[in-house]
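Residue strings, one per chain:
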Amino acid sequence: MPTRKNRFLLLYGSQTGQAEAITEEIAEAAESHGFICERHSLAHTEKKFVLENESCVVIVTSTTGDGEPPDSALKFVRRLKKKSLPDTHLQNVNYALLGLGDSNYTNFCNCGKTLDRRLEELGAKRFYNSGWGDDAVGLEVAVEPWIEGLWPALREFFSEKPSRTENTCQISSSTSHCDDISDQTTSAKLSLNSGVKESNTRSVSNGTTNGKENGCDSNVNRAEHDGILQVNGNTNSNADDSLISDILPSHQQNGSSNGVTSTNIDSTSAAKDQNVNAAKVESLQTDDTWATSNGTDSVNKIDKDAEVTITTSDLRTSVPPLCDASLSVPVLPQPFLKLSFSPDDRVDLPNLPYQNGSNLPSAATPITMVTVSSAQVMTSSDSVKKTLCLRMKMEDENVVKYQPGDSISICCQNDDQEVDQLLLRLGQSNQADIPCELSLISDTKKKNAALPPHLPPKATLRHMFTQCVDIREPPKKAFLRALVDCTTDPDESRRLQELCSKQGATDYNKYIREAGVSILDLLSAFPSCCPSVDRIMEFLPRLQPRPYSVCSSPLTEPTILEVVFNVVEITKESGRSFHRQGVCTGMIDRMTQGLQTEYKSLLSPLDSVERLKIDDVPRTQLSIFGRTNQSFHPPDDLSVPIIMIGPGTGVAPFIGFCRHREAMRSKMADASKYGATWLFFGCRHQSRDFLYKSEMEHFVRTGVITELKLSFSRDEQPSDSPRYVQDNIVRSGRELVDLLDNRGAMVYVCGDAKNMAKDVNQAFMTVLQEHKGIGEEEARSYLMQLRLKRRYSEDVWT
Ligand SMILES: Cc1cc2nc3c(=O)[nH]c(=O)nc-3n(C[C@H](O)[C@H](O)[C@H](O)COP(=O)(O)O)c2cc1C
């Protein structure tokens, strides 16, 4: 039993790493606030902690699937749900809870909310209001204030002054404080002074030399409280334009739209080398040959309506009132990783376990290799999106055992050229293939520093950057804060401070998060930012395998896995310095170029001519693993009616459902008992992106689908024609309500969470009110009951 004063237990339940990263931040800051914090994954319940034995607990958990707990929290939640537990079970526990979710999902923060309720039911006492972070608007909007408020709440809970004085931080314009960080940044002018740190105060100094040359007057007093560093100052309103234009990436310079940027930065030679590299990157980026093109860029643009029109210069230019504001920036994360190269070592790269063999929480099977047997383009060349249907062959049917509705995850790699560019920009091209070892800085000040489990301790930089880390994820604020200290130009440094500051939250959301700016984009926009590769590795999150719904059926083709997806194209704009494809869909598109069968009048992959031709040839291999969907499965009883709603690639699981039902139906003793099977499908154009057209028609002919409701949103048609799946739902309201009310139908929705799933929910609200004659509240509660009974399930994504 813990007896230490001011100690709290910090727990996280995380599927993709956000909750884990947030608790890392909390743990990092805890000591400076006077607390001792012990941090564990909820997966380690009863092994590393026993909840009922704790007096002060802080929990951060996300929600996944259709309102489900992350895999790592399943055991913990199951344990607390036991009906036999008395309502005094947690009477000694005091807790604070932060839920993470995405309000585009119907069950927003469901895991956090359920836990919150259950903790209370079991007698635990909430000592601080629960917080709900929403990915739809940016987690930090709620998470940052919640963390800020946590410290005083903990202090109040422990009812005594913190055992250590608060950090104070002062900014100094004197250069005398910036000579002790050369191990991190050879040329950074804004730095921490370790001598001062020891006495729990910090000093930050801006680059006075460059600052003066640029007319920058930003080095005035800053004070830190509650772990937040305050920075005052106005940036460079009288900046020397000629110097700034030299620093700007070439496409931002008047009259100079391409070519190598000449840099004019007063910095060390190492930093200069890297800036030259930055210039090379820019020149490559302006050269279209670098952008990976599949030759269909002109038609494969992402939806323009959804684009925010901003430029790289917006990303790196301060505007009033921010440039005059005092800033509160995050505490500098302490460095902890060290990379050393050993040219004489040997590393057997092809045989290294995937991402160091570290646990993949969502994996229902081990990682396995499958052979790509076909890649069929499902859309015409004039379609806005390119959709690929990928069929993979397993060695035998036991490799991935699955049911319709389950998915597989594909272990993807970053694009080779993008990795090359990033390594070049980091000045690591020459060392990229030399064996290197990752270790911890022996005297790191980071609390509980540990090697990231997904990084092999011995590999090469190219291997780690290609297979292990996500180089696309928009940098988090703590990352930006660390980059400030690696940036020599005062204006760039100030802008990075703004972007990670509390006051700059709107800019961060607009220019970094929503724009999907990657670390390479950022380094292109901030040429004087020259972080070491070790420092970068500390912040790059794990590259996550990407899940895809399976559309094959184990009953009809036991050794085949089929998935269908749009090849994601992301244009060069909004601060993104080069055209790119989605990490996984782009990888598959590139690797199957020679294999892709032409689009042929919307043939289904099951059309026999195509299948025979392509399945016999040895093909490319992919690493995959199976993922079980907890509730998105068709009923075993074929007489139960089902209503499937899946526009676009959302149709994927339903093709699997239909193939499965077709096989089961052929064995039914009395086929007349086969239940109503409705499919709502929609796309833009009947002639361009009607996926699985011939197969759907086959299912209608054979009676596997009893009602097929189609909608084409961009075809020329009478104004009263249904354009979207929800229009058809409203039109068929009477029959649907009858199926739900009288025949126990199950509803399945798959596809886009942001618009479609909400509109479909609303369409059901409308038809329930109209055809049952009930009010809005009653309709809402009717749908809620369906959801609770798992008769209305969603498999949606944002
Ligand atoms: C496949 C998937 C399903 C999700 N389902 C939900 C959901 O039902 N409700 C919700 O509020 N958020 C949902 N989310 C959003 C996550 O909870 C949110 O992105 C969170 O920040 C992830 O944190 P983590 O990385 O710690 O798991 C889902 C996210 C994904 C990728």
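All values reported here derive from a predicted model rather than from experimental measurement.

Quick word on the site of the ligand
Then, number 1: Taken together, 21 residues lie near the ligand, and S14, Q15, T16, T63 and D135 sit nearest.
Then, number 2: For the ligand, an oxygen atom lies 2.6 Å from a polar atom in the backbone of T63.
Then, number 3: Within the complex, 86% of the 640 Å² of free accessible area of the ligand lies under protein.
Then, number 4: Where the shell around the ligand is concerned, the elements lending two or more residues are α1 (18-30) and β4 (94-101).
Then, number 5: A per-class count over the shell around the ligand returns 6 nonpolar, 12 polar and 3 charged.

A closer look at the UniProt feature "domain: Flavodoxin-like" (unreviewed entry) in the protein
Then, number 1: Annotation from UniProt places "domain: Flavodoxin-like" (unreviewed entry) at residues 8-151.
Then, number 2: Along residues 8-151 the backbone is 31% helical and 22% strand, and the end-to-end C-alpha distance reaches 11 Å.

Observations concerning the packing of helix α12 (residues 477-484) against helix α13 (residues 490-500)
Then, number 1: Contact geometry of α12 with α13 gives a least axis separation of 9 Å together with a crossing angle of 160°. In terms of orientation, α12 lies roughly antiparallel with respect to α13. The element α12 and its partner α13 pack so that their crossing is left-handed. Contact residues: α12 offers K477, L480, R481, L483 and V484, while α13 offers S493, L496, Q497, L499 and C500.
Then, number 2: Considered class by class, the residues forming the contact of α12 with α13 number 6 nonpolar, 2 polar and 2 charged.

Focus: the confidence of the model for the protein
Then, number 1: With 78% of its residues at a pLDDT of at least 70, the protein reaches an overall mean of 81.
Then, number 2: Ignoring residues within four places in sequence, the model shows residues 233-309, a span with pLDDT below 50, making 158 contacts including any to other chains.
Then, number 3: Here residues 608-617 is modelled with pLDDT under 50, and outside its nearest four sequence neighbours on either side it reaches 16 contacts, counting other chains as well.

Some remarks on the pattern of salt bridges
Then, number 1: Counting across every chain of the model gives 43 salt bridges.
Then, number 2: Notably, a salt bridge pairs E52 with R79, separated by 2.7 Å at the nearest N-O pair. Of this pair, E52 sits in the loop between β2 (36-41) and β3 (56-61) while R79 sits in helix α2 (residues 74-81), and the two are 27 residues apart along the sequence.
Then, number 3: The exposure class of R79 is buried, given its relative accessible area of 14%.
Then, number 4: A salt bridge links R391 to E557; the shortest N-O distance between them is 2.6 Å. Here the residue R391 occupies a position in strand β14 (residues 387-393), and E557 occupies one in the loop between β18 (546-549) and β19 (560-566), the gap between them amounting to 166 residues. With respect to class, R391 is no different from E557; both count as buried.
Then, number 5: Each of R391, E557, E562, R659 and E695 takes part in one network of salt bridges that share partners.

As for the packing of aromatic side chains
Then, number 1: Applying the stated rule across the entire model yields 18 aromatic pairs.
Then, number 2: An angle of 85° between the planes, with centres 5.4 Å apart, marks the rings of F632 and Y748 as edge-to-face. Taken together, the residues F632 in the loop between β23 (621-627) and β24 (642-645) and Y748 in strand β27 (residues 746-752) connect sequence positions 116 residues apart. The pair formed by F632 and Y748 is uniform in burial state, with each residue classed as buried.
Then, number 3: Here F681 and F690 contribute two aromatic rings whose centre-to-centre distance is 5.5 Å and whose plane-to-plane angle is 20°, an arrangement assigned as stacked.
Then, number 4: The structure contains a cluster of three or more aromatic residues connected by ring pairs, namely F8, F35, F127, W151, F157 and F158.
Then, number 5: The ring of W132 carries K113 above its face, with NZ or CZ at 5.5 Å from the centroid.
Then, number 6: One residue, K446, lies across the ring of F336, its end atom 4.9 Å from the ring centre.

Notes on the pairing of β27
Then, number 1: Burial analysis of β27 places 6 of its 7 residues in the buried class, which makes it a mostly covered element.
Then, number 2: Of the pairings in the sheet, the one linking β24 to β27 comprises 4 bridges and is parallel in character. The residue of β27 that forms the bridge with M644 is Y748.
Then, number 3: Relative to strand β28 (residues 792-797), β27 is paired through 6 bridges, and the arrangement is parallel. The residue of β28 that forms the bridge with C750 is D795.

Quick notes on the side chain of R542
Then, number 1: Inspection of the secondary structure puts R542 in the loop between α16 (533-539) and β18.
Then, number 2: Despite its burial, R542 pairs with no opposite charge, the nearest such side chain being E20 at 7.4 Å.
Then, number 3: Side chain to side chain, R542 and S358 meet in a polar contact 3.0 Å long.
Then, number 4: Contacts of R542, omitting those with residues within four sequence positions, involve Q355, S358, N359, L360, H454, C468, V469 and D470.

Looking at the packing of helix α19 (residues 652-665) against helix α20 (residues 693-702)
Then, number 1: For the pair α19 and α20, the least separation of the axes is 11 Å and the interaxial angle reads 35°. For the pair α19 and α20, the crossing hand works out as left-handed. Contacts between α19 and α20 involve I655, C658, R659, E662 and R665 on the former and, on the latter, E695, H698, F699 and T702.
Then, number 2: Here the contact of α19 with α20 is composed, by residue class, of 3 nonpolar, 2 polar and 4 charged.

Conventions used here
Residues numbered from 1 in each chain as written. Predicted model: local features only at pLDDT ≥ 70, side-chain atom pairs only at ≥ 80, totals over all residues. Heavy atoms only, no water. Near = heavy atom within 4 Å. Polar contact = N/O pair within 3.5 Å; in protein donor to acceptor, adjacent residues only side chain to side chain. Areas by Shrake-Rupley, 256 points an atom, 1.4 Å probe, with all protein chains shown as cover. Helix = DSSP H or I, 4+ residues; strand = E, 2+ residues; numbered from the N terminus. Nonpolar A, V, L, I, M, F, W, Y, C, P; charged D, E, K, R; others polar. UniProt positions renumbered as here; feature names shortened; annotations may be inferred. Axes fitted to C-alpha atoms, helices over the stretch in contact; angles between N-to-C directions. Parallel < 35°, antiparallel > 145°, perpendicular 65-115°, else oblique. Left-handed = near helix turned anticlockwise from the far one by under 90°. Contact = heavy atoms within 4.5 Å. pLDDT = per-residue confidence, 0-100. Salt bridge = Lys/Arg side-chain N within 4 Å of Asp/Glu carboxyl O. Buried < 20%, exposed > 50% of the residue type's maximum accessible area, 1.4 Å probe, protein only. Phe/Tyr/Trp six-rings, centres within 6.5 Å; stacked < 30°, edge-to-face > 60°. Lys NZ or Arg CZ within 6 Å of the ring centre and 35° of its normal. Pairing = 2+ DSSP bridges. Lys, Arg positive; Asp, Glu negative; His and termini not counted.

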